[in-house]
Amino acid sequence: PIEQELTKGKDFKVLDVGCGNSGTWLLQLSKDYPLAKFVGLDISPTLPKNYSQDNLQFIQGDILKGLPFEDDSFDFVHIRFLLMDFTEEQWEEIVVKELVRVCKPGGWVEISEIEEGKCLGPTCNRMTTFGKFILKNFFFHRGINFQISF
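Throughout what follows, the structure given in this document is the object of discussion. Predicted model, so just to flag it, every value in this text is computed and none were measured. (Residues numbered from 1 in each chain as written. Predicted model: local features only at pLDDT ≥ 70, side-chain atom pairs only at ≥ 80, totals over all residues. Heavy atoms only, no water.)

Some details on the overall build of the protein
Within the protein one finds four helices and five strands. Scanning the protein from its N terminus toward the C terminus, one meets helices and strands in the order α-β-α-β-β-β-α-β-α. Counting only residues that meet the buried cut, the protein has 34% of its 150 residues in that class. Here the contacts in the protein between residues at least 6 apart in sequence split such that 65% fall between residues at least 24 apart. A total accessible area of about 9,500 Å² is found for the protein, and carbon and sulfur atoms account for 55% of it. (Helix = DSSP H or I, 4+ residues; strand = E, 2+ residues; numbered from the N terminus. Buried < 20%, exposed > 50% of the residue type's maximum accessible area, 1.4 Å probe, protein only. Contact = heavy atoms within 4.5 Å. Areas by Shrake-Rupley, 256 points an atom, 1.4 Å probe, with all protein chains shown as cover.)

Describing the packing of aromatic side chains
For any two aromatic rings, the description comes down to two numbers: the centre-to-centre distance and the angle of the planes. For the coordinates displayed, the defined rule picks out three aromatic pairs. Lying over the aromatic face of Phe-74, Lys-13 brings its terminal NZ or CZ to 5.1 Å of the ring centre. (Phe/Tyr/Trp six-rings, centres within 6.5 Å; stacked < 30°, edge-to-face > 60°. Lys NZ or Arg CZ within 6 Å of the ring centre and 35° of its normal.)

A word on the pairing of strand β2 (residues 37-42)
With five of six residues buried, β2 is to be regarded as a mostly interior element. The pairing of strand β1 (residues 13-17) with β2 spans five bridges and is parallel. Bridge pairing links Asp-16 to Gly-40 in β2. Between the parallel pair β1 and β2, the chain is carried across by helix α2 (residues 24-32), and the sense of this crossover is right-handed. The sheet contact formed by β2 and strand β3 (residues 56-60) spans five bridges and is parallel. Bridging across to β3, Leu-41 finds its partner in Ile-59. (Pairing = 2+ DSSP bridges. Right-handed = clockwise from strand over helix to strand, strands pointing away.)

It is worth stressing that arrangement in space is one thing and function is another; only the former is reported here.
Structure follows, in structure tokens:
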């Protein structure tokens, strides 16, 4: 729903929380949509430094300590593959509230995770079932509700 906005030329701002130390998604988007502004935030101290886009910046930060942005700063706020990085309480009390806080009224917040059931065959299904069993036990001991996304 935001592709049209990215091409309009107004001050459309995108935040990617947990962009990773490669920042690949934002590096590509900032090239494809040079009129928009992109910000990547990650807890990692190793963030991309050698890029030519002037509509892109990377910031080290920890969402659990609060996002370092004013309220209503971004038109699109994105977080992906971080479900298991936070406890259920952290999601409810901090993460979701921070994502919404920095999103402009009428903007979009997108939380993406791996979808269950996208396997192509029986081997993949067996691996997924076994993997979920291992992960569920691992994350249970960290106080993380692995089933929250299923």
